[in-house]
There are 2 protein chains.
Amino acid sequence: MGQLDVFFNPDGIVVIGASTQKEKLGYGVARNLINSGYKGKIAFMNPKRGILFDLPIHQSISEIGEEIDLGVIVVPPAFVPETLTACARQGIKHVVIVTGGFSEAGEEGAKLEQACKRIAKKEGMRVIGPNCIGMIDTHLPMDTTFIQPPMPEAGEIAFITHSGALGAAMIDWARGEGFGFSRLVSLGNQMDVNETDMLVPFAEDAHTKVVTMYLEGIQDGEAFIRQAKKAAKLKPLIAVKVGRSTAGQQAAASHTGALAGEDRAFDAAFRRAGVHRARTAEEMFQWAKMFAWCELPKGKRVAVLTNAGGPGVMAADAVAYHGLQMAELSAETMGELTNRLPNGASVHNPVDMLASASPKDYAGCLQILAKDENVDMVMVIAPPPPMFTALATAEALTAVIAAIGKPVAVSFMGSRLVEDARQYLRQQHIPEFRFPEDGMAALAMLWQEGENKKRDMEELGCQVDEGAKKLAAKAVEMRLENQSGGFVPPQITGEILSAYGLPIEKLHLAASMQEASSLADQLGYPLVMKLAADDLSHKSDVGGILLNLQSRKMVEQGYQTLMTKGRELPGVKGVYLQRMAKKGQEVIVGGVRDAVFGPMLLFGSGGVDVEGLGDVGFCMAPFTRNDFDDLLANTWAGRKLAGFRQYAPADKEAVYKALVCLGQLMLDTPEIQEVELNPMIVFEAGKGASGVDARMMIGRK
Amino acid sequence: MGQLDVFFNPDGIVVIGASTQKEKLGYGVARNLINSGYKGKIAFMNPKRGILFDLPIHQSISEIGEEIDLGVIVVPPAFVPETLTACARQGIKHVVIVTGGFSEAGEEGAKLEQACKRIAKKEGMRVIGPNCIGMIDTHLPMDTTFIQPPMPEAGEIAFITHSGALGAAMIDWARGEGFGFSRLVSLGNQMDVNETDMLVPFAEDAHTKVVTMYLEGIQDGEAFIRQAKKAAKLKPLIAVKVGRSTAGQQAAASHTGALAGEDRAFDAAFRRAGVHRARTAEEMFQWAKMFAWCELPKGKRVAVLTNAGGPGVMAADAVAYHGLQMAELSAETMGELTNRLPNGASVHNPVDMLASASPKDYAGCLQILAKDENVDMVMVIAPPPPMFTALATAEALTAVIAAIGKPVAVSFMGSRLVEDARQYLRQQHIPEFRFPEDGMAALAMLWQEGENKKRDMEELGCQVDEGAKKLAAKAVEMRLENQSGGFVPPQITGEILSAYGLPIEKLHLAASMQEASSLADQLGYPLVMKLAADDLSHKSDVGGILLNLQSRKMVEQGYQTLMTKGRELPGVKGVYLQRMAKKGQEVIVGGVRDAVFGPMLLFGSGGVDVEGLGDVGFCMAPFTRNDFDDLLANTWAGRKLAGFRQYAPADKEAVYKALVCLGQLMLDTPEIQEVELNPMIVFEAGKGASGVDARMMIGRK
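Being a predicted model, the structure only gives us computed values, none of them experimental.

Our next topic: the overall build of chain A. Across its full length, chain A carries 24 helices and 30 strands. For chain A, the spread of C-alpha atoms along the three principal axes comes to 100 × 80 × 40 Å. Taking all 701 residues of chain A together, 60% fall into the buried category. Within chain A, residue pairs in contact and separated by at least 24 positions form 72% of the contacts whose partners lie at least 6 positions apart. Here chain A displays about 26,500 Å² of accessible surface, and carbon together with sulfur accounts for 50% of that area.

In structure tokens form, the structure reads like this:
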């Protein structure tokens, strides 16, 4: 299929279904296109003919000249297929289908959409929609939507939305909040073009400084990550992904699977791709404004400048809440502030100039703070001052902020008394916020973007020989032959994991008591004994594990105990004996395949309480150093590996290697749905680790 | 001292330091008082005399008539003490000191404030301030502040603030957001009257429907809880408490102490008192608006009504996020919706009427939803509609909402296109929100308030005999005699806890190997051996504990091992022997004394990882059933007690009783700073629990 360039800069646009009746969408589209100031050729088409905005309405597409290369279709749904064909015949290979009534409206509509899709494919057409509000580019300019005028102000924020209603709402929101859009696209049913296709073109747009997204789902997760990574190198990306609550938890066979779920996968995928995830649309655009108007800070140290104590404490709380740091002002800075400010003022951070602070004080103190090398960003807070107008303060601040070269967020707390000041700042492209907390959240994202750029995102694999891959493939075949998927027998699981370089204590099958006792003597004590049954997910639940068997006698007693328990279970074929691991820290490492994004990895506190404690983190496979750092920092299991009280520093690198190998295994063998070592005992630094229990599941349960 | 009534309804007010110079605060106060429409007598005083707002300025307070009973003092700080004396002489026993320059400004100011305090005490005066903006009552009406006019609109929200600047900012904020205040007080340095004093009078005010608070700290935590509990029975209370990040962690000797900290104490105290804690001022007033304008819902089932899919999903996410529940609509409701709505609309919750929805559709569908018995609250979402004005929708909704009797929150997403609709709703006292998420958070609080009213808050104690109290008192004496406080010897700790009904395995001291082995034979095996040293907080850190000693020989070996380890430690006097507890669930129970609020209790996952995992909850002592329910629900340790996989249901009541007893001990013996049983092994239901290790600390470390 063709490229998308024409959507972003068409030579000419025809509105197919343009209407002179003001209540029709076909009128709205024509009106907005004309009003947008679009500089290419504009044509209208409607079998009824007529004149619209001083232009003739053509009766058929064939009447339209050659310079038209983009069609905007607003005809009733039933006419869309033939319209597509007519467009193709005229050489129009790019269309936006605004019309609704397709797959979103039921079965009939879905069939119609399929018909359109076939035509588009056959003719090599690219299609945005159907059931969308189309595209806006405020700089080109161009507006193919029907939404209420005026068009959004020209700005630096691009917006890709799965919801047309949200697109319209956010355009109006932006108008009130004083920021503009560079580009906006509403993708509707995504019959062809989807969010992933738009990422790089939007990020490449010269007028765009940040790309925002409202997402309801993603079709091809791996393609999304690939494109988002490219786009994130060019511009910051922010997304709201809704449907957290309805995210279907897959039926799971392991802790890893049970804890995974769609929303965790989106988190991991966004982290991998470098997409900042906002919880709400409001938050997303607050962050976007910051990205659009400020440079990235060098660090996370914030100075707070205020004229009252309370808001200063609020801001300091927000600094901690968002993982930033209160700057420690230099002696020189504090000296200068002391000279400038009255008695009783606080020259420590947060700097409280007292209620008497004039616009000049604000400007002067901001200048002093900004040149301190210990300050990376500044938050200026101005509750309605009793003696001066907020506007005067805003004006005084503006000159300083322009010259500083460090991010500054401003919060004029209040409403009517500060409205003009806020508007003034917006016009100057200075990010301002209703409350200090909102501004601090946005500063934190700005810092995070800088951190993202420093991450070690090299994707790591491990070398395995062909034998290992063959073992895995054979296990897959074995399972798929017998049934629609399920557990791999524990011994084979162990062999595959070993071949992939994972530290796993070997299982030895004993089918009789005699076998068990002679095997035990051979292996040496202490030993672990497990009931040998293929599909037993949580062995400890049924008491199917015996630990610390110290003698032949205990092994024999154990054999009897387990076989008695196993009597009523299916497929029991004896017991496994395994050397008992020495003491160490118990962790879990695992892999699970997400339906959208593919393989993910898990690390956390191991044992039987994994799900209950939830002390785990996820990341995408393949593994990276950055993921490892995140997992260590964000779990207690990870922090503990560095040593804590009675815990000696443990062999982190063994955990690291295990996750790299698990990632490789998941990539090599797409049929593996879940795999998990729990617990894996991590020994002291340099002494490795030992996977005590492992399970692996092929296909879906 | 006298009562506070005069502050809320004075017969007459004198502004002392009233000024004709417009830039002076003394002018601002006079202006606001006149403009407020205050109906009592108004007098001005200033040695310079003159005329102000057609009233004479008196030269001295003695010139002022008898009907004046409230003084507002705006004279320079140095003149405040003599002004107080003059007021007292004239019978004015209630004053607001607006003037700043007292304890907030340094040492000199602090001395001056002390002088004022002495005078006030001697004369039996009640004082608000100094360094405050004073009081507003919009219904009386009265305004003693100097802030920029106009006075806030009359409303139903009362506001108590520790920050005058935030008071001024929020008055302006309220104006822009379309809500009003009933009363507002800024308390400044709280030389006399503080937030606690204001709680009940504010809650009793007939015009107030909800009391909001901005708090920087609390002087007397126990009094606050007492008064807040009274006030919360009358009206909902909401607080923002800042200083979370700077909350000093006390140096702690136990896990309980280390995890406590000031912010946890505020959380626990607010929960006990029934105060809703908001994170930001914006959030607080969004909730307050909901409380002011809506009845409490019967349950937590929310129906969402929208004209577009995206915002519906956003709202559903918010329902889950805030612990509410999506209502399952009845078949009848869905039938009626189906009849009313076009094909392609969703009649399941969230109900999506599609973009064509008219104001009539909004009103009609809301009516259908509201009469469904499965619906407790409704969230209506209206992005700018393409075909109708937002105002028409707002008007159509209003008539329905007025008649429903269930809480309805409305979100017109957007800005300019929906501004008139939002203003209209505010005038009708219908809570409306910029984004559905904000409205959902407020609905959740409304539900929470209803839940609070159902809580079993009976404060539970346990009967202990005098012997137990004496034991505790003796331990206190012992420690206080020797040093400034510290650990109670483990054996004595055990005796005290036993006497208080806590299940604790007795420690038997053995000062020699001979003693150890004969004691061991007497007690029976298996045994635990611990190094006997008084101030050893984390014994396992130094390897000072041996578990599972099965024989006399192991005891003798153990004795040698521990004494070798103990050689370099101070105060080692042998080993303790203790019967080894059977297996069960390991929890921690503890008590810690907060500097502001007094005794708190802790429960959670026990063992050595307590702090790292942080699976714990706090509550105030004495204990209540409601606290227990919260602790069980909010910790994995608590949920697990009900039974999970290999964990049999455990003896919850033993945990409950332990916490009741610990609470009693903390209340009886105020010198106990920290006390903790960790681990406490909880056996199967009905089989009790056993505290394996205990520590207790007296006074400050």
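After that view, the rundown keeps rolling.
Residue and element names in this part refer to chain B. Sheet architecture is open: four strands sit in the order β21-β24-β22-β23, paired in antiparallel fashion. The open sheet terminates on both sides in strands that have one partner only, identified here as β21 (508-510) and β23 (545-549). Adjacent strand axes in the sheet meet at a mean angle of 30 degrees when their direction is disregarded. As paired elements, strand β22 (residues 527-533) and β23 share three bridges and run antiparallel to each other.

Time to look at the sheet that holds strand β24 (residues 572-579) of chain A. What links the strands of a sheet is backbone hydrogen bonding, and the strands pair in either a parallel or an antiparallel sense. Residue and element names in this part refer to chain A. Taken in spatial order, the four strands of this open sheet run β21-β24-β22-β23, and their pairing is antiparallel. Only two strands of the sheet have a single partner each, and these edge strands are β21 (508-510) and β23 (545-549). Strand-to-strand twist of the sheet, defined as the mean angle between neighbouring strand axes without regard to direction, takes the value 30 degrees. Where strand β22 (residues 527-533) and β24 come together, six bridges link them in antiparallel fashion.

What follows covers empty space enclosed by the protein. All names here are of chain A. Summed over the entire model, instances satisfying the criterion amount to five cavities of 30 Å³ or more. Volume-wise, the largest cavity comes out at about 70 Å³. Lining the largest cavity are 13 residues, and of these P490, I504, L507, D693 and A694 lie nearest its centre. Only α18 (490-499) and β24 provide two or more residues apiece to the lining of the largest cavity. The element best represented in the lining of the largest cavity is α18, accounting for three residues.

In this section: the interface of chain B and chain A. Accessible area lost on assembly of the parts is the figure often given for the size of an interface. The interface of chain B with chain A comprises 73 residues on the first partner and 73 residues on the second. In total, chain B and chain A occlude about 5,800 Å² of area from one another, counting both sides; carbon and sulfur atoms represent 60% of this. Linking chain B to chain A there are four salt bridges. D609 of chain A is the partner of K640 of chain B in a salt bridge, and the nearest nitrogen-oxygen pair spans 2.7 Å. Going through the elements one at a time, α5 (164-177), α10 (281-293), α11 (309-321), α16 (436-454), α21 (610-613) and α23 (636-640) of chain B are the ones with two or more residues in the side of chain B that touches chain A. A class-by-class count of the residues in the side of chain B that touches chain A yields 34 nonpolar, 18 polar and 21 charged.

Here the focus is the side chain of T393 of chain B. Mapping T393 of chain B onto the fold places it in helix α14 (residues 390-404). Once residues lying within four places of it in the same chain are set aside, the contact partners of T393 of chain B are P359, Y362 and F412 of chain B.

Counted by the stated rule, this structure contains 70 salt bridges over all chains. One salt bridge in this structure joins D693 of chain A and K530 of chain A, with 3.2 Å as the shortest N-O distance. Linking D693 of chain A in the loop between β29 (689-691) and β30 (694-698) with K530 of chain A in strand β22, this pair joins segments that are 163 residues apart in sequence. In this pair, the class of D693 of chain A matches that of K530 of chain A, namely buried. R625 of chain B is the salt-bridge partner of E653 of chain B, the closest N and O atoms lying 2.9 Å from each other. Taken as a pair, E653 of chain B in helix α24 (residues 652-668) and R625 of chain B in helix α22 (residues 625-634) lie far apart in primary sequence, 28 residues in all.

Between chain B and chain A, which share one sequence, the superposing operator has a rotation angle of 180 degrees and an axial displacement of 0.0 Å; the RMSD is 0.1 Å. With respect to symmetry, the two chain copies, as superposed, fit the operation of a two-fold axis. Residues of chain B ranked by C-alpha distance from the rotation axis are headed by L613 of chain B, positioned 4.0 Å from it. Both copies contact each other with a shared surface, as 100% of the interface residues of chain B are interface residues in chain A too.

Let us now look at a nonpolar patch on the surface. Together, L25 of chain A together with M387 and F388 of chain B make up an exposed nonpolar region whose accessible area comes to about 230 Å². Residue placement: L25 of chain A occurs in helix α2 (residues 25-36).

A few words now on the pairing of strand β26 (residues 598-605) of chain B. All names here are of chain B. With eight of eight residues buried, β26 lies mostly within the body of the structure. Bridge analysis of strand β25 (residues 585-594) against β26 gives eight bridges, and the strand direction is antiparallel. Of the residues in β26, the one forming a bridge with G590 is L602. In this antiparallel pair of consecutive strands, β25 and β26, the connection spans three residues. Here β26 runs beside strand β27 (residues 616-620); their pairing, made up of five bridges, is antiparallel. Directly across from L602, in β27, lies its bridge partner F618.

All names here are of chain A. Of the residues making up helix α3 (residues 80-89), those classed as buried are V80, P81, T83, L84, C87 and A88. Summarising the axial view, the buried residues of α3 lie within an arc of 160 degrees, below the 170-degree limit, and thus occupy one face. Along α3, exposed side chains directed more than 90 degrees from the buried face belong to E82 and R89. Its buried side turned inward, α3 meets β1 (12-16), β5 (70-73), β6 (94-97) and α4 (107-123). Taken from the residues just after α3, G91 is the one with a positive phi, measuring 85 degrees.

The next point concerns the packing of α10 of chain B against α16 of chain B. Packed helices, taken two at a time, are described by their axes: the angle between them and the distance between them. All names here are of chain B. Axis separation between α10 and α16 bottoms out at 9 Å; the angle between their running directions is 55 degrees. Relative to α16, the element α10 lies oblique. Note that α10 runs across α16; the crossing there is right-handed. Residues Q286, W287, M290 and F291 of α10 touch α16, and the partners they reach there are D438, G439, A441, A442, L443, M445, L446 and E449.

Attention now moves to the packing of aromatic side chains. Inspection of every chain in the model, using the stated rule, returns 30 aromatic pairs over all chains. Their ring planes at 15 degrees and their centres at 6.0 Å tell us that F159 of chain B and F181 of chain B sit as a pair that is stacked. With F159 of chain B in strand β10 (residues 154-161) and F181 of chain B in strand β11 (residues 181-186), the pair connects residues that are 22 residues apart, well separated along the chain. Using a relative accessible area of 1% as the deciding quantity, one classes F181 of chain B as buried. Aromatic pair F179 of chain B and F285 of chain B: ring centres 5.6 Å apart, planes at 25 degrees, arrangement stacked. Taken as a pair, F179 of chain B in the loop between α5 and β11 and F285 of chain B in helix α10 lie far apart in primary sequence, 106 residues in all. Taken individually, F179 of chain B and F285 of chain B each receive the classification buried, so the pair is uniform in this respect. An aromatic cluster of three or more residues is present, and its members are F159, F179, F181 and F285 of chain A. Sitting over the face of the ring of F683 of chain B, K582 of chain B holds its NZ or CZ atom 5.4 Å from the ring centroid.

Time to look at the confidence of the model for chain A. Any segment with low pLDDT has predicted coordinates that should not be analysed in fine detail. Of the residues in chain A, 96% reach a pLDDT of 70 or more, and the chain-wide mean stands at 92. We note a pTM of 0.93 for the whole complex and an ipTM of 0.91 for its interfaces.

This part covers the packing of helix α22 (residues 625-634) of chain A against helix α24 (residues 652-668) of chain A. All names here are of chain A. At a closest axis distance of 11 Å, the pairing of α22 and α24 adopts a crossing angle of 125 degrees. As summarised for this structure, α22 and α24 are arranged oblique, according to the angle between their axes. Here the hand of the crossing between α22 and α24 comes out right-handed. Here R625, F628, L631 and L632 of α22 lie close against α24, whose contacting residues are K652, E653, V655, Y656 and L659. Its residues assigned to classes, the contact of α22 with α24 shows six nonpolar, no polar and three charged.

The next point concerns the nonpolar core. Of all hydrophobic cores here, the largest spans 235 residues; its most connected members are M170 of chain A together with M170 of chain B. With residues up to four places along the chain from it excluded, the contact list for M170 of chain B reads M413 and F435 of chain A together with F159, F181, A281 and F285 of chain B.

How each quantity is defined
Residues numbered from 1 in each chain as written. Chains lettered and ligands numbered in written order. Predicted model: local features only at pLDDT ≥ 70, side-chain atom pairs only at ≥ 80, totals over all residues. Heavy atoms only, no water. Helix = DSSP H or I, 4+ residues; strand = E, 2+ residues; numbered from the N terminus. Buried < 20%, exposed > 50% of the residue type's maximum accessible area, 1.4 Å probe, protein only. Contact = heavy atoms within 4.5 Å. Areas by Shrake-Rupley, 256 points an atom, 1.4 Å probe, with all protein chains shown as cover. Pairing = 2+ DSSP bridges. Axes fitted to C-alpha atoms, helices over the stretch in contact; angles between N-to-C directions. 1 Å grid on protein atoms, 1.4 Å probe; cavity = no way out; pocket = protein on both sides within 12 Å on 5 of 7 lines; lining within 4 Å. Points joined across faces, edges and corners; volume = space filled by probe spheres on them. Buried area = accessible area lost by both parts, 1.4 Å probe. Salt bridge = Lys/Arg side-chain N within 4 Å of Asp/Glu carboxyl O. Nonpolar A, V, L, I, M, F, W, Y, C, P; charged D, E, K, R; others polar. Least-squares fit on C-alpha atoms with pLDDT ≥ 70 in both. Patch = residues over 30% accessible without salt bridge, like charges linked within 9 Å, V, L, I, M, F, W, Y side chains within 5 Å. Arc of directions from axis to C-beta. Parallel < 35°, antiparallel > 145°, perpendicular 65-115°, else oblique. Left-handed = near helix turned anticlockwise from the far one by under 90°. Phe/Tyr/Trp six-rings, centres within 6.5 Å; stacked < 30°, edge-to-face > 60°. Lys NZ or Arg CZ within 6 Å of the ring centre and 35° of its normal. pLDDT = per-residue confidence, 0-100. Core = buried A, V, L, I, M, F, W, Y, C linked by side-chain atoms within 4.5 Å.

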